[in-house]
Amino acid sequence: MAYRFNAFVFLFSELLSLVVVIYLWLSIYKQGNTIAGYSLRALIIYYIFAKFITLTIKSLDQARIIGDQIRHGELNGNLLKPINYLFEKFFSSLGQISFRIIIYIIIALFVYLLGFDIFSSAPAFIYFILSFILAIIINFLIYYIIGVSVFYFGYIVGFNFIMMGIISFFSGNLIPLDILPSWLYGFARYLPFQYIDFIPISIATGRLPIENISRILFIGLIWAVILYIFSFFIYKIGVKKYEAFSV
Amino acid sequence: MKLFLFNARRYLKIWAIHWKNSLMERMAYKYNFILMILGVVIQMLLALIFIKVIFSYISNLAGWSFNEALIVTATYMIIDGLAWATFSYISGINKHIRAGTFDNILIKPVDSQFLLSVARVDPEDWSRVITAIIVFIYAFQKLGLTAFELIKNLFFYIIFIICAYFIVYSITLLIKSITIRVIEDSSLWSLTMNIIKTSQYPTDIFFHKAARILFSTLIPLAFIATVPAKILIWGPRFDLIFYSFILAAIFLYISRKFYLNALKHYASASS
């Protein structure tokens, strides 16, 4: 609460961008079409969810923080502690995410009071919670990998910048993936990024058949394990190259 | 007049030095610099795919065809690229204020607003301008204008682009001046970006009167990309040229006053 002004302006700014997206889709739907089976209402709910995910888990800038910490030699202290660096970073970000969830659930309740049935069914709500946890883990691991790649690249601002654009698009944050041309959607389905936005939102809104969700979440879990193993090795090998130059 | 020319030359020289420094700073990590350029191009391509996907479902967006909407987006990208490449949305202000190095800027015998604006420029964002111009040419040559219309409209379009550049600069300065008072500016940064980003779509999408007044008059976003695109496509309208000049002048004046007023509340953070 030390930065109340900051929090208020940030919220206002994000709501403004949501309003603009809603106006864009209202204009599109004025022509009376349905787009890839999405009604206007379904798309608005999609973007509200996407905004919720952005505000809670995607705006932490984890890669930059980790990259700067390693680059500035601040890892030295961590190397001496009997703490796993990955878990320390994960639980630190989880603390911030938990706080944000509480704040933005209040907004979600406001949306609910406006008459939007946010979840399509009770099982959809439970599966959404599971997929949201998976989204937190996958999102963290991806940005952790980008962050620790500073061991190899020396400076990751450019790499992080590229990945942020790619992740934003292929996670379905910018546009629902099933609206994309089939070749692009087919490509996106082979990437882990869809588990950050598209899969949780599709589960919540009932776009995915209930009987398929367990299988989809299991594949997501496999992605999380692959990313964890990769991040483990990228850190382990990277730390051997690490030249601590701070005091 | 002599004094004005002398000052103008001096300020241009300072700008050039800052630009050179920024380029050298970027080139210290040359692979990172290349990745930044690549990132800019990828981001723009993904934004264009977004528009292409939308138009695969509709024939027009609030009265704008695909190529016309592409002109709006390309115009936004040109302005956005110029803003990054020439004053970087005054993004250095927060660092200076928090670290106390803003004092160094204030005591220099050069206008502090100018120094703050050119303290950081992003050379990689010229790739944004170049990519946007390529998109612009692609959409522009599909409009089917005669050679005379082309030259005439393009001339007025460039005038609008200059006004739009100053409007974007003024909006940025207005918002960033608040940083001097509140110190923490990450939210103000997000607000600036989200406001300017709104202009990448034709402002005709805001069909409610209140929204149209907000995004055309109170925050003159229509004059950043939509109005210049209209001039290019449908020819010059002198009332719009007049409004564009007036708005740019008013916003420049207000933002300058606002900045000077914010300076009075500056409390140094240095020792």
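In what follows, the structure referred to is the one given above.
Note that the structure is predicted; figures quoted are calculated from it, not measured.

So, the overall build of chain A
No. 1: Each helix and strand in chain A was counted, giving 11 helices and 0 strands.
No. 2: The secondary structure elements of chain A, listed N-terminal to C-terminal, are α-α-α-α-α-α-α-α-α-α-α.
No. 3: Relative to a compact globule of 247 residues, whose C-alpha radius of gyration would be 18 Å, chain A shows 19 Å and is just as compact.
No. 4: C-alpha extents for chain A along the principal axes are approximately 65 × 40 × 30 Å.
No. 5: Counting over 247 residues, chain A shows a buried share of 50%.
No. 6: Considering only intrachain contacts with a sequence separation of at least 6, the fraction spanning at least 24 residues in chain A is 77%.
No. 7: Split by element, the accessible area of chain A, about 12100 Å² in all, is 71% carbon and sulfur.

So, the overall build of chain B
No. 1: What chain B contains, in helices and strands, is 12 helices and 0 strands.
No. 2: Along chain B, helices and strands appear, N-terminal first, in the series α-α-α-α-α-α-α-α-α-α-α-α.
No. 3: In terms of overall dimensions, chain B is globule-like: its C-alpha atoms have a radius of gyration of 20 Å, near the 18 Å expected for 271 residues.
No. 4: Principal-axis analysis of the C-alpha atoms gives chain B an extent of 60 × 45 × 40 Å.

Examining the nonpolar core
No. 1: Judged by nonpolar contacts, the single largest core of 172 residues is most densely connected at A:W25, A:I28, A:I70 and A:I175.
No. 2: The element best represented in this core is helix α8 (residues 147–182) of chain B, accounting for 15 residues.
No. 3: Non-local contacts of A:W25, meaning those with residues more than four positions away in its chain, are made with A:I35, A:L40, A:L43, A:Y47, A:I175, A:I179, B:F50 and B:I54.

What about the packing of helix α6 (residues 122–148) of chain A against helix α11 (residues 210–241) of chain A?
Residue and element names in this part refer to chain A.
No. 1: Where α6 contacts α11, the axes come no closer than 9 Å and their chain directions differ by 20°. By the angle class used here, α6 and α11 are roughly parallel. Read as a crossing pair, α6 and α11 show a hand that is left-handed.
No. 2: Considering only residue class, the contact of α6 with α11 consists of 23 nonpolar, 4 polar and no charged.

Let's talk about the interface of chain A and chain B
Where interface size is quoted, it is often the accessible area lost as the parts come together.
No. 1: The interface is formed by 41 residues belonging to chain A together with 39 residues belonging to chain B.
No. 2: Summing both sides of the interface, chain A and chain B together bury roughly 3600 Å²; the carbon and sulfur share of this comes to 75%.
No. 3: Contact with chain B buries surface across chain A, with A:Y23, A:L24 and A:F161 losing the most and accounting together for 18% of the total.
No. 4: Between the two partners, chain A and chain B, sit 0 salt bridges.
No. 5: Run the count over chain A and chain B and you get 9 residue pairs in polar contact (both at pLDDT 80 or more).

Remarks on helix α7 (residues 126–140) of chain B
No. 1: The end-to-end C-alpha separation of α7(B) is 20 Å, in line with the 21 Å expected for 15 residues at 1.5 Å each.
No. 2: Considered for burial, the residues of α7(B) that qualify are B:S127, B:R128, B:V129, B:T131, B:A132, B:V135, B:F136, B:A139 and B:F140.

What about the packing of aromatic side chains?
No. 1: Counted by the stated rule, this structure contains 39 aromatic pairs over all chains.
No. 2: When the centroid spacing of 5.8 Å and the interplanar angle of 90° are considered together, the rings of B:F156 and B:F238 count as edge-to-face. In this pair, B:F156 is assigned in helix α8 and B:F238 in helix α12 (residues 238–264), connecting sequence segments 82 residues apart.
No. 3: Among the residues examined, B:F156 registers a relative accessible area of 15% and is labelled buried.
No. 4: Relative accessible area serves as the criterion here: at 59%, B:F238 is assigned to the exposed category.
No. 5: The rings of A:Y85, A:F87, A:F90, A:F91, A:F140, A:Y144, A:F151, A:Y228 and A:Y235 are connected pair by pair, giving a single aromatic cluster.
No. 6: The aromatic ring of B:F66 is capped on one face by B:K52, whose charged end is 4.8 Å from the ring centroid.

Some details on the packing of helix α2 (residues 30–55) of chain B against α7(B)
All names here are of chain B.
No. 1: Between α2 and α7, whose axes approach to 9 Å, the crossing angle comes to 35°. As α2 runs across α7, the sense of the crossing is right-handed. Where α2 abuts α7, its residues I37, V40, V41, Q43, M44 and L48 lie against S127, R128, T131, A132 and V135.
No. 2: Across the contact of α2 with α7, the residue classes break down as 7 nonpolar, 3 polar and 1 charged.

Parameters at a glance
- Residues numbered from 1 in each chain as written.
- Chains lettered and ligands numbered in written order.
- Predicted model: local features only at pLDDT ≥ 70, side-chain atom pairs only at ≥ 80, totals over all residues.
- Heavy atoms only, no water.
- Helix = DSSP H or I, 4+ residues; strand = E, 2+ residues; numbered from the N terminus.
- Rg over C-alpha atoms; globule rule 2.2 N^0.38 Å.
- Buried < 20%, exposed > 50% of the residue type's maximum accessible area, 1.4 Å probe, protein only.
- Contact = heavy atoms within 4.5 Å.
- Areas by Shrake-Rupley, 256 points an atom, 1.4 Å probe, with all protein chains shown as cover.
- Core = buried A, V, L, I, M, F, W, Y, C linked by side-chain atoms within 4.5 Å.
- Axes fitted to C-alpha atoms, helices over the stretch in contact; angles between N-to-C directions.
- Parallel < 35°, antiparallel > 145°, perpendicular 65-115°, else oblique.
- Left-handed = near helix turned anticlockwise from the far one by under 90°.
- Nonpolar A, V, L, I, M, F, W, Y, C, P; charged D, E, K, R; others polar.
- Buried area = accessible area lost by both parts, 1.4 Å probe.
- Salt bridge = Lys/Arg side-chain N within 4 Å of Asp/Glu carboxyl O.
- Polar contact = N/O pair within 3.5 Å; in protein donor to acceptor, adjacent residues only side chain to side chain.
- Expected span 1.5 Å × (residues − 1).
- Phe/Tyr/Trp six-rings, centres within 6.5 Å; stacked < 30°, edge-to-face > 60°.
- Lys NZ or Arg CZ within 6 Å of the ring centre and 35° of its normal.

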